[in-house]
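Residue-level listing of the chains:
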Amino acid sequence: MSKTKALEATIDQFHDKLIDVSLSFNKAIKTYLKEGRSSDFEKYSKQVKKIEHDADALRRDIEKRLYSYNLLPDLRADVLKLVENLDKVINKFEEVTYMFYAQKPEIPDDYRSQFKELGKLSAECAESMCKASRAYFRDLTTMRDYAQKVYFLEHESDTCSRNLIEEIFASPRSLAEKMQLRQFIDGIADIADEAEDFIDQLLIFAIKRDV
């Protein structure tokens, strides 16, 4: 296998980690909403942490190969930025999961379905972002299709989070409780925001390739 092919395989593995972490995150959120910080939630939380750790190792390997062997010279700067920004999304999944683990927030029954929907939307948004990123190396038309899906899902996530925040702040709950719940809503919604920011930059990279 050539050094370039080996690098492409490693980049594919990195994308796989993002899909894995989005699925584990979604399971963790659904489990927490159903059971709290149960053993199953802790299992998924550990999965998220391990995936984040493994992804960091892959990112460093990709960076090392790009510089050590002068691979993909025309795309190197963009690939480095792409991998760095994908890693930010993976880190965000781990950060939010740990927030649930450490703070053990009490999510009132009235809001659990909306929290579940928000977690699902953000996870799906990140998955579509990952598929767009993978397609960047193979098929720019497919990349743009997934990019459009990211924009749609981010908008849905934004609408869901706004409605949930408005409902919570219209309730008679204490300000401290409202602020904590908002912190978790913002954390989950930020995943979709990061995915949207990534797509904005990915589309610029694609334009540069077409020139």
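**A short note on the overall build of the protein chain**
- The helix and strand inventory of the protein chain stands at 6 helices and 0 strands.
- The C-alpha atoms of the protein chain give 18 Å as radius of gyration, which agrees with the globular expectation for 211 residues (17 Å, within 12%).
- Along the three orthogonal principal directions, the C-alpha set of the protein chain runs to about 60 × 35 × 20 Å.
- Counting all 211 residues of the protein chain, 48% fall into the buried class.
- Of all intrachain contacts in the protein chain linking residues separated by at least 6 positions in sequence, the fraction that spans at least 24 positions is 83%.

**Some remarks on helix 5 (residues 140-169)**
- Under the 1.5 Å per step criterion, the end-to-end length of helix 5 is 43 Å for 30 residues, consistent within 8% with the ideal 44 Å.
- Every buried residue belonging to helix 5 is among Leu-140, Met-143, Ala-147, Val-150, Leu-153, Glu-154, Ser-157, Cys-160, Ser-161, Leu-164, Ile-165 and Ile-168, and all of these are buried.
- With a side-chain oxygen lying 3.1 Å from the backbone nitrogen of Thr-141, the N-terminal cap of helix 5 falls on Asp-139.

**Structural notes on the nonpolar core**
- The biggest cluster of nonpolar side chains holds 65 residues, and the ones touching the most others in it are Phe-115, Met-129 and Leu-202.
- Of all the secondary-structure elements, those providing two or more residues to this core are helix 1 (3-35), helix 2 (39-68), helix 3 (76-103), helix 4 (109-135), helix 5 and helix 6 (175-210).
- At 13 residues, the largest contribution of residues to this core is made by helix 6.
- If near-sequence neighbours (up to four positions away) are discounted, Met-129 is found in contact with Leu-18, Leu-86, Val-89, Val-150, Ala-195, Phe-198 and Ile-199.

**Notes on the layout of surface pockets**
- By volume, the largest pocket is sized at about 200 Å³.
- Lining the largest pocket are 11 residues, and of these Glu-8, Ile-11, Arg-134, Phe-137 and Arg-138 lie nearest its centre.
- Here the lining of the largest pocket gets 5 residues from one element, more than from any other, and that element is helix 1.
- A class-by-class count of the residues in the lining of the largest pocket yields 5 nonpolar, 1 polar and 5 charged.

**Here we look at the environment of Lys-149**
- Here Lys-149 lies in helix 5.
- Taking the C-alpha atoms as reference points, Lys-149 and Ala-132, 17 residues apart in sequence, are found 9.3 Å from one another.

**Observations concerning the state of the cysteines**
- On inspection of all chains with the given rule, the structure shows 0 disulfides.
- Between Cys-130, a cysteine without a disulfide, and Cys-125, which holds the nearest cysteine sulfur, the sulfur-to-sulfur distance is 12 Å.
- In this structure Cys-160 is not part of a disulfide, and its nearest cysteine sulfur, from Cys-125, lies 13 Å away.
- Exposure remark for Cys-160: the relative accessible area of 13% places this residue in the buried category.

**Observations concerning the pattern of salt bridges**
- Summed over all chains, the structure comprises 23 salt bridges.
- Of the charged contacts, one joins Arg-162 and Asp-158 as a salt bridge, the two residues approaching to 3.1 Å between their closest N and O atoms. In this pair, Arg-162 and Asp-158 both sit in helix 5, 4 residues apart, roughly one turn of the helix.
- For Asp-158, a relative accessible area of 28% puts it in the partly exposed group.
- Ionic contacts of the salt-bridge type, sharing partners, join the residues Asp-12, Asp-16, Arg-134 and Arg-138 into one network.

Cut-off values and rules
- Residues numbered from 1 in each chain as written.
- Predicted model: local features only at pLDDT ≥ 70, side-chain atom pairs only at ≥ 80, totals over all residues.
- Heavy atoms only, no water.
- Helix = DSSP H or I, 4+ residues; strand = E, 2+ residues; numbered from the N terminus.
- Rg over C-alpha atoms; globule rule 2.2 N^0.38 Å.
- Buried < 20%, exposed > 50% of the residue type's maximum accessible area, 1.4 Å probe, protein only.
- Contact = heavy atoms within 4.5 Å.
- Expected span 1.5 Å × (residues − 1).
- Polar contact = N/O pair within 3.5 Å; in protein donor to acceptor, adjacent residues only side chain to side chain.
- Core = buried A, V, L, I, M, F, W, Y, C linked by side-chain atoms within 4.5 Å.
- 1 Å grid on protein atoms, 1.4 Å probe; cavity = no way out; pocket = protein on both sides within 12 Å on 5 of 7 lines; lining within 4 Å.
- Points joined across faces, edges and corners; volume = space filled by probe spheres on them.
- Nonpolar A, V, L, I, M, F, W, Y, C, P; charged D, E, K, R; others polar.
- Disulfide = S-S within 2.5 Å.
- Salt bridge = Lys/Arg side-chain N within 4 Å of Asp/Glu carboxyl O.

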